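Breakdown of the fold
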Amino acid sequence: MTWDLLLTDCRAATMADSSQPYGAIDDAAIALNGGKIAWIGPRRELPSQQATETVRLGGRWVSPGLVDCHTHLVYGGDRAAEFEQRLKGTTYEEIAKAGGGIASTVKATRAAGIDELVASAGKRLQELTAEGVTTIEIKSGYGLDLDNERKQLLAARRLGEMHPVTVRTTCLAAHALPPEFTGDSDGYIARVCDQILPAMACESLADAVDAFCEKIAFTPAQTRKVFETAKRLGLPVKLHAEQLSDQGGTQLASAFGALSCDHLEFVSDDGIAAMAKAGVVAVLLPGAFYALRETKLPPIDGFRKAGVPIAISTDHNPGTSPTLSLLLMLSMATTFFRLTPEEALQGATRHAAKALGLAASHGQLQPGMAADLAIWSIERPAELSYWFGGNPCAGIIQNGSWVKRCA
Ligand code: DI6
Ligand code: FE
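Described in the following lines is the structure provided in the data block. (Residues numbered from 1 in each chain as written. Chains lettered and ligands numbered in written order. Predicted model: local features only at pLDDT ≥ 70, side-chain atom pairs only at ≥ 80, totals over all residues. Heavy atoms only, no water.)

What follows deals with the pattern of salt bridges. Taken as a whole and assessed by the stated rule, the structure comprises 17 salt bridges. For the salt bridge of Asp17 with Arg350, the shortest nitrogen-to-oxygen distance reads 3.1 Å. Linking Asp17 in the loop between strand 1 (3-13) and strand 2 (24-33) with Arg350 in helix 14 (residues 350-355), this pair joins segments that are 333 residues apart in sequence. (Salt bridge = Lys/Arg side-chain N within 4 Å of Asp/Glu carboxyl O. Helix = DSSP H or I, 4+ residues; strand = E, 2+ residues; numbered from the N terminus.)

The strand order across the open sheet formed by eight strands is 6-7-8-9-10-11-12-13, and the pairing between neighbours is parallel. Each of the sheet's edge strands pairs with one partner strand only, and the pair in question is strand 6 (66-68) and strand 13 (310-312). Pairs of neighbouring strands in the sheet enclose a mean axial angle of 25°, with direction left out of account. Here strand 7 (residues 133-139) runs beside strand 8 (residues 166-174); their pairing, made up of five bridges, is parallel. Across the sheet, residue Lys139 finds its bridge partner in strand 8, namely Thr170. (Pairing = 2+ DSSP bridges. Axes fitted to C-alpha atoms, helices over the stretch in contact; angles between N-to-C directions.)

With that out of the way, let us pick up the site of ligand 1. Around ligand 1, the structure places Arg79, Tyr92, Ile102, Tyr142, His175, Phe212, His240, Gln243, His263, Asn317, Gly319 and Thr320. Here a nitrogen atom of ligand 1 sits 2.8 Å away from a polar atom, N or O, in the side chain of His175. When ligand 1 is considered free in solution it has 320 Å² of accessible area, and contact with the protein chains removes 97% of it. Classifying every residue of the shell around ligand 1 gives four nonpolar, seven polar and one charged. (Near = heavy atom within 4 Å. Polar contact = N/O pair within 3.5 Å; in protein donor to acceptor, adjacent residues only side chain to side chain. Areas by Shrake-Rupley, 256 points an atom, 1.4 Å probe, with all protein chains shown as cover. Nonpolar A, V, L, I, M, F, W, Y, C, P; charged D, E, K, R; others polar.)

Quick look at unusual backbone geometry now. Within the chain, Ser204 stands out as a residue other than glycine whose phi angle is a positive 55°. Looking at the secondary structure, you find Ser204 in the loop between helix 6 (185-202) and strand 9 (208-213). Non-glycine residue Arg338 carries a positive phi angle of around 65°. Tracing the chain through its elements places Arg338 in the loop between helix 12 (326-335) and helix 13 (341-347).

Quick look at the pairing of strand 2 now. Relative to strand 2, strand 1 runs antiparallel, the two sharing six bridges. In the sheet register, Cys10 faces strand 2, and the bridge partner there is Ala28. The hairpin formed by strand 2 and strand 3 (residues 36-42) contains two residues between the paired strands, and Gly34 there has a positive phi angle of roughly 55°.

Quick look at the packing of aromatic side chains now. Using the criterion set out here, one finds eight aromatic pairs in the structure. Ring centres of Tyr290 and Phe336 lie 6.4 Å apart, and the angle between their planes is 25°; on these two criteria the pair is classed as stacked. Taken as a pair, Tyr290 in helix 10 (residues 286-291) and Phe336 in the loop between helix 12 and helix 13 lie far apart in primary sequence, 46 residues in all. One aromatic cluster in this structure is built from Phe289, Tyr290, Phe336 and Phe337. Residue placement shows Arg124 over the ring face of Tyr75; its charged tip is 3.8 Å from the ring centre. It is Lys296 that lies over the ring of Phe266; its NZ or CZ is 5.5 Å from the centre. (Phe/Tyr/Trp six-rings, centres within 6.5 Å; stacked < 30°, edge-to-face > 60°. Lys NZ or Arg CZ within 6 Å of the ring centre and 35° of its normal.)

Attention shifts here to the nonpolar core. Judged by nonpolar contacts, the single largest core of 87 residues is most densely connected at Ile136, Leu264, Phe303 and Trp376. In terms of residue count, the dominant contributor to this core is helix 6 (seven residues). Residue contributions to this core reach at least three from each of two domains, namely domain 1 (3-64 + 365-404) and domain 2 (66-355). In this structure Trp376 touches Arg60, Trp61, Ser63, Leu66, Glu131, Leu327, Leu384, Asn391, Pro392, Cys393 and Ala394, once residues within four positions along its chain are discounted. (Core = buried A, V, L, I, M, F, W, Y, C linked by side-chain atoms within 4.5 Å. Buried < 20%, exposed > 50% of the residue type's maximum accessible area, 1.4 Å probe, protein only. Domains from an automatic or database assignment. Contact = heavy atoms within 4.5 Å.)

The next thing to look at is the environment of Arg150. With respect to the helices, strands and loops of the structure, Arg150 is situated in helix 5 (residues 146-162). Exposure remark for Arg150: the relative accessible area of 30% places this residue in the partly exposed category. When neighbours within four sequence positions are excluded, Arg150 is seen to be in contact with Asp145, Met200, Glu203 and Leu205.

The two faces of strand 10 (residues 238-241) match: Lys238 and His240 on one face and Leu239 and Ala241 on the other face are all buried. Both strand 9 and strand 10 contribute to a ladder of two bridges, which runs parallel. Paired with Cys213 across the two strands is Ala241, which belongs to strand 10. Following the chain from strand 9 across helix 7 (residues 220-233) to the adjacent parallel strand 10, one finds a crossover that is right-handed. For strand 10 and strand 11 (residues 260-263), the ladder comprises four bridges, and the chain directions are parallel. Within strand 11, the position partnered with Lys238 by the bridge is Ser260. (Right-handed = clockwise from strand over helix to strand, strands pointing away.)

Here it is in structure tokens:
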């Protein structure tokens, strides 16, 4: 048998269980075959086997391809003008009353054709993937009716076909109340459960179901209805939980075996305990924390003590996290949240994969896992959260194929 590709003269941050920080292997060799990792270990133990292509990496570090596990990448327009207004003192409420905020993105998303959505999101996707992101989650939630939620998810699927990245889709129809349901949030939740989610499941357009459980969005009782529907349809759930206040959404999501709870600045000790018991990933989103000038920190030590895995993601969206850099999020996760650089990298690889239900196949350099690799011009893995701005990514392999060759 001949391997497709053999990488040598590199250092590997496997992120697998190991006595070494980062699961590191000095002077590693990595063999790829059929889109999977066929062999990885110290070069001196490499079995003598032919490879179609062998590449020496000059001592560079190799990590799993990065996983961005929470984004709202597909939408029409942007909110830069609103950003300027807010800096001049107009409040979020005033902007919302004038038809701005999420409502303006819903309007622009409904007005955009699918080609336009694919093109604008594609540009953003290229920025993200240039930093070694090989798996990304994309949510709907700016359509808020059957046709437009469907259009967003179709756009997300098409992005996955057009770009060298694995796309996981999430239906977030329960994100905000659409204008045609003003004053009738129960009516909208019924629409989500009776019409939108079943249709998305029927067309296999959603890999998971999400909701925004918050005073300004949907109640725990409404969220429960969404989750019951998801369960009936056989779809895993996740939740925007305790971002602005403690609603107990975390306990609810944990009771439904959620893949992740996301944001979590206001999560309680009970919420943490429930997550730990159910094996739910805590997805932290430092970009939204930064853009909202939030001061309440998510309880990092609580997660650590309870053994809750922590993931880090961009939460890319036009309102509260218009970032195009997952590496910048690693910097913020260390500087704002005091994660160690190793925890931050776990958060954008292994734990992020778990938050997408991909723990068995993505997020680690292990035999049998997807051949998704990022190659870095750095001397130590801590540099991935140390630098902010700039991009040390020298090479990318997705599904066993070169996306970017090392110079
Ligand atoms: N939480 C957020 O921070 C974003 N959505 C959510 O559920 C805000 C989205 C937006 O302002 O467009
Ligand atoms: Fe979000």
